[in-house]
Amino acid sequence: MSVKQLLDLHGRVALITGASRGLGLQMADALGEMGAQLVISARKAADLQSAAESLQAKGNRVLAVPADIGKPESAQAVVDAALAEFGQIDILVNNAGATWGAPAEDHPLDAWQKVVDVNLTGLFVLTQAVAKRCMLPRGDGRIINIASVAGLGASPAEVLRAAAYHASKGAVVNLTRALAAEWGAQ
């Protein structure tokens, strides 16, 4: 069997957050190249539309759903739109993320909450919705959570003062382990 056959995603639907640029857009492009139908989401509608057009120009079937994943109600809206268009979600890539640079002793609480809402709570709410509505009933699916080396250890203060980012990415690492242990056994 060839590598292309092993990685063939025709007939699969991939949902990628933070997909309007950077790593998210690159992952959407790669998943589309392997045949997946794409649901892309990001906060900025104009940037998301541009990303969708770029992916469609390569022959991909793409649904763009603008959403702020830091708002829990957005997760249900993204899942509803994906299911209305494609009927399933096979792959979830939680890539959306936020950071805020400030010394820990001066880190604003509202900034802390924004980072945690996007990087952890939004990721969990979306993952929960996709798992409950798509993956667990079928006993099949793939969830890819993008964390950071910052989630495994703190960066030197002169490099990055971002306590909320480090804490949220560390939580994503351990949430991923917890969900794998719970849902992987099913």
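Residues numbered from 1 in each chain as written. Predicted model: local features only at pLDDT ≥ 70, side-chain atom pairs only at ≥ 80, totals over all residues. Heavy atoms only, no water.

## Topic: the overall build of the chain
- Helices and strands together make up the secondary structure of the chain, namely six helices and five strands.
- Whereas a compact globule of 186 residues would reach a radius of gyration of roughly 16 Å, the chain reaches 17 Å, a difference of no more than 12%.
- Oriented by its inertia axes, the alpha-carbon framework of the chain measures out at about 50 × 40 × 35 Å.
- Once local pairs closer than 6 in sequence are excluded, the contacts in the chain between residues at least 24 apart make up 67%.
- As displayed, the chain offers around 9,700 Å² of accessible surface, 55% of which is attributable to carbon and sulfur atoms.
- When the 16 positive and 17 negative side-chain charges of the chain are each reduced to one mean point, those points stand 3 Å apart. (Helix = DSSP H or I, 4+ residues; strand = E, 2+ residues; numbered from the N terminus. Rg over C-alpha atoms; globule rule 2.2 N^0.38 Å. Contact = heavy atoms within 4.5 Å. Areas by Shrake-Rupley, 256 points an atom, 1.4 Å probe, with all protein chains shown as cover. Lys, Arg positive; Asp, Glu negative; His and termini not counted. Charge placed at Lys NZ, Arg CZ, Asp CG, Glu CD.)

## Concerning a positive patch on the surface
- A cluster of basic residues, Arg21, Arg43, Lys44 and Lys114, forms a positive patch at the surface.
- Positionally, Arg43 belongs in the loop between β2 (37-42) and α3 (45-57). (Patch = residues over 30% accessible without salt bridge, like charges linked within 9 Å, V, L, I, M, F, W, Y side chains within 5 Å. Salt bridge = Lys/Arg side-chain N within 4 Å of Asp/Glu carboxyl O.)

## Side note on the pattern of salt bridges
- Under the definition given, this model contains eight salt bridges.
- Residues Arg12 and Asp140 are paired through a salt bridge, measuring 3.2 Å at the closest nitrogen-oxygen approach. Placement of the pair is Arg12 in the loop between α1 (3-6) and β1 (13-17) and Asp140 in the loop between α5 (109-138) and β5 (142-145), with a sequence separation of 128 residues.
- On the basis of relative accessible area, Asp140 is assigned to the partly exposed category, the value being 27%.
- Here the residues in one salt-bridge network are Arg12, Asp90, Arg138, Asp140 and Arg142, joined through shared partners. (Buried < 20%, exposed > 50% of the residue type's maximum accessible area, 1.4 Å probe, protein only.)

## A few points about the sheet that holds β5
- As summarised here, the arrangement of the five strands in space is β3-β2-β1-β4-β5, forming an open sheet in which the pairing is parallel. Bordering the open sheet on either side are β3 (62-66) and β5, each of which pairs with just one other strand. For this sheet the average axis-to-axis angle between neighbouring strands, irrespective of direction, equals 15°.
- Relative to β2, β1 runs parallel, the two being bridged by five bridges. (Pairing = 2+ DSSP bridges. Axes fitted to C-alpha atoms, helices over the stretch in contact; angles between N-to-C directions.)

## Some details on the pairing of β5
- Relative to β5, strand β4 (residues 91-94) runs parallel, the two sharing four bridges. In the strand pairing of β5, Leu92 is matched with Ile143.
- The parallel pair β4 and β5, bridged by α5, forms a crossover whose chirality is right-handed. (Right-handed = clockwise from strand over helix to strand, strands pointing away.)

## Description of the pairing of β1
- Of all five residues in β1, five are buried, a share of seventy percent or more.
- Of the two faces of β1, the one lined by Val13, Leu15 and Thr17 and the one lined by Ala14 and Ile16 are each fully buried.
- You can see the chain leave β1, run along helix α2 (residues 22-33) and come back into β2, and the turn it takes is right-handed.
- With three bridges connecting them, β1 and β4 associate as parallel partners. Considered in β4, the bridge of Ile16 is made with Val93.

## Some points on helix α6 (residues 163-183)
- With 21 residues, α6 extends 30 Å between its outermost C-alpha atoms, agreeing within 8% with the 30 Å of an ideal straight helix rising 1.5 Å per residue.
- Within α6, burial applies to Ala164, Tyr165, His166, Ser168, Lys169, Gly170, Val172, Val173, Leu175, Leu179 and Trp183.
- Check the buried side of α6 and you find it contacts α5 and β5. (Expected span 1.5 Å × (residues − 1).)

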